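# Inside the fold
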Amino acid sequence: MRNTLILAAATFAVAIYAARVADQSVSTPKPKVSTVALATPAHASSNWRNVAIKSDQQGHFHLDARVDGRSLNFVVDTGASAVVLRESDAGRVGIYPRQNDYTAMVSTANGQIRAAPVRLNRVEIGDITVEDVKALVLPDEALGVNLLGVSFLSRLKRYEVADGRLVLEQ
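In this text the structure is predicted, and so the values were computed from the model without any measurement. The residue numbers shown here count from 1 along each chain, following its written sequence. For this predicted model, a pLDDT threshold of at least 70 governs which residues receive local features, and a threshold of 80 or more governs which side-chain atom pairs are given and counted, while totals over whole chains, interfaces and linings are taken from all residues. As a rule here, side-chain values come from all non-hydrogen atoms in the structure, and water together with hydrogens is ignored.

### Quick notes on the nonpolar core
Note the following rule: Here, the term nonpolar core denotes a set of buried Ala, Val, Leu, Ile, Met, Phe, Trp, Tyr and Cys residues that are joined through side-chain atoms within 4.5 Å. When accessible area is computed with a 1.4 Å probe and restricted to protein chains, residues below 20% of their type maximum are described as buried, those above 50% as exposed, and intermediate ones as partly exposed. Secondary structure is summarised from DSSP: a helix means a run of H or I of at least four residues, a strand means a run of E of at least two, and numbering begins at the N terminus for each. When checking whether two residues touch, look at their non-hydrogen atoms; a contact exists if any pair is within 4.5 Å.
Core analysis: the largest hydrophobic core is formed by 33 residues, its most contacted members being Phe74, Val83, Leu120, Leu148, Phe152 and Leu168. Listing elements by their share of this core, those giving two or more residues are β2 (50-54), β3 (62-67), β4 (70-76), β5 (83-86), β7 (111-125), β8 (128-138), α4 (150-153) and β11 (165-169). Every residue in contact with Phe152, bar those within four places of it in the chain, is listed here: Val83, Val123, Ile125, Ile128, Val130 and Val133. Counting 13 residues, the second largest nonpolar core, distinct from the first, contains Leu136, Ala142, Leu143 and Val145.

Next up, the structure:
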């Protein structure tokens, strides 16, 4: 069930963002980065901040990010248009949507479901920090893991998936 939900979320916006990802990975000279198992800074010869994340055996990129000062687990999802938080994890960072805040409709493997649009003050991964990030909150039963989507990724200088690793650059 969890993998099905992740797969559905990943395919949700892949067609829309495939060209964007291709443009970002081709148009920028790539600084040298080192591959690491966790989201940690990868040192480069430039002033850019880099993080490299190694994929798991299924090809997914799992990482810990700090959201408004609290550590949360994520799967990177280039097909998700926004960062998506499970309701319980949103509560851990002080976000408690009311029933009438669930105004957005999103498609999942189990059909359409209501989500609560929110803003995250700060999302940090290693040395990378993005402020004022659009996000959605979904009920826990609709989502097995938090998704780090394009509302975060598009705010970076570039992101690239190649050779079993994801490189984030700011």
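### As for the pairing of β3
Regular strands place side chains that alternate from one sheet face to the opposite one. Condition: A pair of strands is treated as paired once DSSP finds two or more bridges between them.
Taking every second residue as pointing to the same face, the buried face of β3 carries Leu63, Ala65 and Val67, while none of His62, Asp64 and Arg66 on the other face is buried. Sheet analysis places β3 next to β4, joined by six bridges and oriented antiparallel. Bridge pairing in β4 links Val67 to Arg70. Hairpin geometry of β3 and β4 is characterised by an intervening segment of two residues between the two adjacent antiparallel strands and by a positive phi of about 50° at Asp68. Examined bridge by bridge, β3 and β7 share two bridges and lie antiparallel to one another. Looking at the pairing, Arg66 lines up with Glu124 of β7.

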